[in-house]
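Here are the chains, one letter per residue:
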Amino acid sequence: MSLFRGDLAGAAAIVGMIRAIAQLSLPINVTALLAMYENLPSGLAVKPGDVVMARNGKTIVIEDTDKEGRVVSADILSLIAQYSPCLTVNIATSHIGLLKSLGSPVNAVFSTSDVMYWELERAGMISGDRVWRLPFWKYFRSRITDYTSVDVANSGKGVGGMPCLGAAYLLEFSPPDVDFIYLDISATGLDHPGIGMPYLRRHCMSGRPVRLLTQFLYQIACPHESEPC
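Because the structure is predicted, anything quoted here is derived from the model rather than measured.

Chemist: A description of the packing of aromatic side chains should follow, citing residues and the corresponding values.
Modeler: Summed over the entire model, instances satisfying the criterion amount to six aromatic pairs. Seen in terms of ring centroids, Phe 110 and Tyr 182 are 5.7 Å apart; in terms of plane orientation they differ by 20°. Their pairing is stacked. You can see Phe 110 sitting in strand E4 (residues 106-111) and its partner Tyr 182 sitting in strand E7 (residues 179-184), a full 72 residues away along the chain. By relative accessible area, which is 0% here, Phe 110 ends up buried. Assessed through its relative accessible area of 1%, Tyr 182 is described here as buried. A ring pair is formed by Phe 136 and Phe 180, whose centres lie 6.2 Å apart and whose planes are at 40°; its orientation type is tilted.

Chemist: Before we move on, can you summarise the sheet that holds strand E1 (residues 51-53) with the specific residues and values?
Modeler: As summarised here, the arrangement of the three strands in space is E1-E2-E6, forming an open sheet in which the pairing is mixed. Looking along the sheet, the strands with just one partner apiece sit at the ends: E1 and strand E6 (152-153). Of the pairings in the sheet, the one linking E1 to strand E2 (residues 59-61) comprises three bridges and is antiparallel in character. Of the residues in E2, the one forming a bridge with Met 53 is Thr 59.

Chemist: Could you give an account of helix H2 (residues 68-80), with specific residues and numbers?
Modeler: Between its first and last C-alpha, H2 extends 19 Å over 13 residues, near the 18 Å set by a 1.5 Å rise per residue. Every buried residue belonging to H2 is among Glu 68, Arg 70, Val 71, Ser 73, Ala 74, Ile 76, Leu 77, Ser 78 and Ile 80, and all of these are buried. Each element contacted by the buried residues of H2 is listed here: E1, E2, strand E3 (87-92), helix H6 (162-171) and E7.

Rules behind the numbers
Starting afresh in each chain, residues are numbered from 1 along the sequence in its written order. Selection of residues for local features in this predicted model requires a pLDDT of at least 70, selection of side-chain atom pairs for listing and counting requires 80 or more, and totals for whole chains, interfaces and linings are taken over all residues. Only heavy atoms go into the side-chain values, all of them from the structure, while hydrogens and water stay out. In this scheme Phe, Tyr and Trp rings, the latter by its six-membered ring, pair at centre separations within 6.5 Å, and the angle between planes marks the pair as stacked below 30 degrees, edge-to-face above 60, and tilted otherwise. Put simply, DSSP H or I for four residues or longer makes a helix, DSSP E for two residues or longer makes a strand, and each gets a number counted from the N terminus. Whether a residue is buried, partly exposed or exposed follows from its accessible area with a 1.4 Å probe, protein chains only, as a fraction of its type maximum: under 20%, in between, or over 50%, in that order. A pair of strands counts as paired when DSSP detects no fewer than two bridges linking them. A helix's residues, less one, multiplied by 1.5 Å, set its expected span. In this description, contact between two residues means that some pair of their heavy atoms is separated by no more than 4.5 Å.

The following block contains the structure:
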């Protein structure tokens with residue numbers, strides 16, 4: 001549990017990114033939404049089998065209470081639509097299993113846009129905060145929507161591809177017809193193991209992917225600039 005005191009890494013990275021692009025005076029409009037909440041047991045705690053309704057009217061069955069972050073993210077992603085975004089980026093620490101599959105050097109990325117992913121990959125090469133793309137297939141979407149009485153499940157069917165199921169869940173609530181990127185930083189945004197990045201202190205929260213996001217937005221805001229920020 002001490003490790004997951006850093007489960008706010010996604011929101012912390014957004015705060016760091018906003019500060020960085022403000023200091024750089026990037027000519028780009030960015031709206032940041034942070035989900036701030038406590039996950040504590042009480043008499044009103046959500047239980048397995050409970051059904052809740054998201055802001056956009058979709059019903060969610062709670063199959064796994066440990067996946068509370070994506071339930072909260074449903075309302076945040078639904079709210080984004082009122083800002084008419086050109087691109088939606090969601091950052092979260094959702095699946096610690098990525099630490100075993102990808103390790104700490106690389107951020108797991110899901111993207112509905114090849115162009116946006118290529119820009120993010122280039123930003124990773126320049127900043128040193130690398131990314132690796134995982135599948136956003138319709139198969140995973142069917143695993144979290146194939147229910148008769150509710151729209152989606154917060155866990156889904158099958159044990160394989162759990163990060164992919166989480167990404168498919170989030171896509172159900174992101175603004176339609178808008179490019180969507182999901183960064184799962186469970187393996188990179190928490191405790192740094194002291195491997196691969198000597199400028200990061202071992203056993204401290206890494207602060208990733210602030211560099212990656214800042215460079216990514218720099219490339220979008222200043223596409224003709226040859227020098228990285």
